[in-house]
Amino acid sequence: MQQVVVEQFGGPEVLEVRDLEPPAPDAGEVVVRLTSIGMNHADLMGRRGDYKLSTGDPPYTPGLEGGGVIEALGDGVDARWQNRRVLLRPETPRRDHGHGGAYRSHFVCRPDEVIDAPDELHDRLLGAVWLSHFTAWGALVWMLARLGRSLEGATVALPAASSSVALAAAQVVRHHRGTAIGLTTSPEKTDDIADAYHHVVVTHDAGALKPFHRDLKALTDGKGVDVFFDPVAAGAYLNTEVRALADRGAIVVYGLLGSPGAVDVSPLIRKQAVLCGYVNDDLFRTGRDAVTAGCRHVLAGFAFGHYHQRVARTFPLADVREAHRVMEQGRHIGKLILVPGAP
Ligand SMILES: NC(=O)c1ccc[n+]([C@@H]2O[C@H](COP(=O)([O-])OP(=O)(O)OC[C@H]3O[C@@H](n4cnc5c(N)ncnc54)[C@H](OP(=O)(O)O)[C@@H]3O)[C@@H](O)[C@H]2O)c1
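Residues numbered from 1 in each chain as written. Predicted model: local features only at pLDDT ≥ 70, side-chain atom pairs only at ≥ 80, totals over all residues.

(A) Region of interest: the site of the ligand. Close to the ligand lie 27 residues; Ala160, Ser162, Ser163, Thr185 and Gly255 are nearest. Of all the secondary-structure elements, those providing two or more residues to the shell around the ligand are helix 1 (41-48), helix 3 (130-146) and helix 4 (164-175). Among the residues making up the shell around the ligand, the classes are represented as 13 nonpolar, 13 polar and one charged. Shared between two domains, the shell around the ligand takes at least three residues from each, and those domains are domain 1 (2-129 + 309-339) and domain 2 (131-280). (Near = placed C-beta within 6 Å. Helix = DSSP H or I, 4+ residues; strand = E, 2+ residues; numbered from the N terminus. Nonpolar A, V, L, I, M, F, W, Y, C, P; charged D, E, K, R; others polar. Domains from an automatic or database assignment.)

Given below as structure tokens:
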């Protein structure tokens, strides 16, 4: 088997691919031969040492999602699990589950830590739907409901519009009868992402932030945006969102792409608006039933065809360093996926 190990934090060169003996399952365990490992921005943060909550101290194995085919069963496991196509549940490849990350060709866990894949989901996608679509569902359906808000009829602005999470969020918004506005820093990507959104707004000009609240006000007849689903979450960018927010709006912060800076949140008083954070771990802590509900929603979406994954590129697991370099450049649109055993 192949497993990626990070011995010390740093650049892509710290990702070591090790060849190891294939794992043998203990009693009650299965071995999943992974056909798909989704890459995520968090993998870059972790490798740099900026996400210790997830990685702990090195050595560690990166990777927050994976899926494949059950290849071996430990004693006592029902023979019907053999050869099942499965996704690791979203909570499974986590440090606090004792398994470590998914950047490996074979993953050992219990049958209740996987979930059956619908036939419609290609092998290459089995490990590449949770961090995009489950995150979008968790923040925009599960959490907004807790805040007494819903997507129906709402205008939702999605920064980092070319990212896998924002592209998934646009599908979740459309499915729940909202209007999706993509916000991108990259003018050169607008043609390629236009179909994914009702509208696309470019927020930067030659690297400088534009007063994009004007575009958003114009698109909403002066009312403003009901929900920002925001992975930038800082400084002048967040200030602009506060200005473009509708009365009783919500800014849901879920990433740290931006640079810190002062933000004037006082308009939130007049607007009776909320600013809150979202992280999947909140949902995991709520309990297995809530996570399962999200998983079922996402998988049904793929099975019925209203959700899909835009794959920017796949890489053999052995090329993980190159894959991290490409992700760091930020020119991709959609999901980057590692495929163990691919030539
Ligand atoms: N809270 C959670 O539970 C959770 C779960 C999953 C992901 N996330 C977060 O979701 C975000 C997207 O993840 P991903 O894996 O989909 O990333 P990704 O595919 O690598 O997308 C990154 C994109 O973000 C945009 N971007 C980069 N730097 C930016 C900046 N300074 N200001 C504004 N936009 C910037 C760019 O898109 P444009 O060129 O279109 O602007 C870039 O292509 C990350 O912040 C990640 O940490 C959070």
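Continuing now.
(B) Seen up close, the sheet that holds strand 9 (residues 179-184). With parallel pairing, the six strands of this open sheet are ordered in space as 10-9-8-13-14-15. Whereas interior strands pair on both sides, the edge strands pair on one side only; in this sheet they are strand 10 (199-202) and strand 15 (274-277). Direction aside, the axes of adjacent strands within the sheet are offset by 20° on average. Examined bridge by bridge, strand 14 (residues 245-253) and strand 15 share four bridges and lie parallel to one another. Opposite Val252, over in strand 15, you have Cys276 as the bridge partner. The sheet contacts of helix 7 (residues 235-244) involve strand 13 (225-230) and strand 14, and relative to strand 14 the element is tilted by about 150°. (Pairing = 2+ DSSP bridges. Axes fitted to C-alpha atoms, helices over the stretch in contact; angles between N-to-C directions. Contact = placed C-beta atoms within 7 Å.)

(C) Spotlight on helix 1. For helix 1, every residue scored as buried is listed here: His41, Asp43, Gly46 and Arg47. If you follow the buried residues of helix 1, they end up packed against strand 1 (2-6), strand 2 (15-19), helix 2 (52-55) and helix 11 (320-329). Backbone geometry just downstream of helix 1 places Gly49 in the positive-phi region, at approximately 95°. (Buried ≥ 20, exposed ≤ 12 C-beta atoms within 10 Å, placed from the backbone.)

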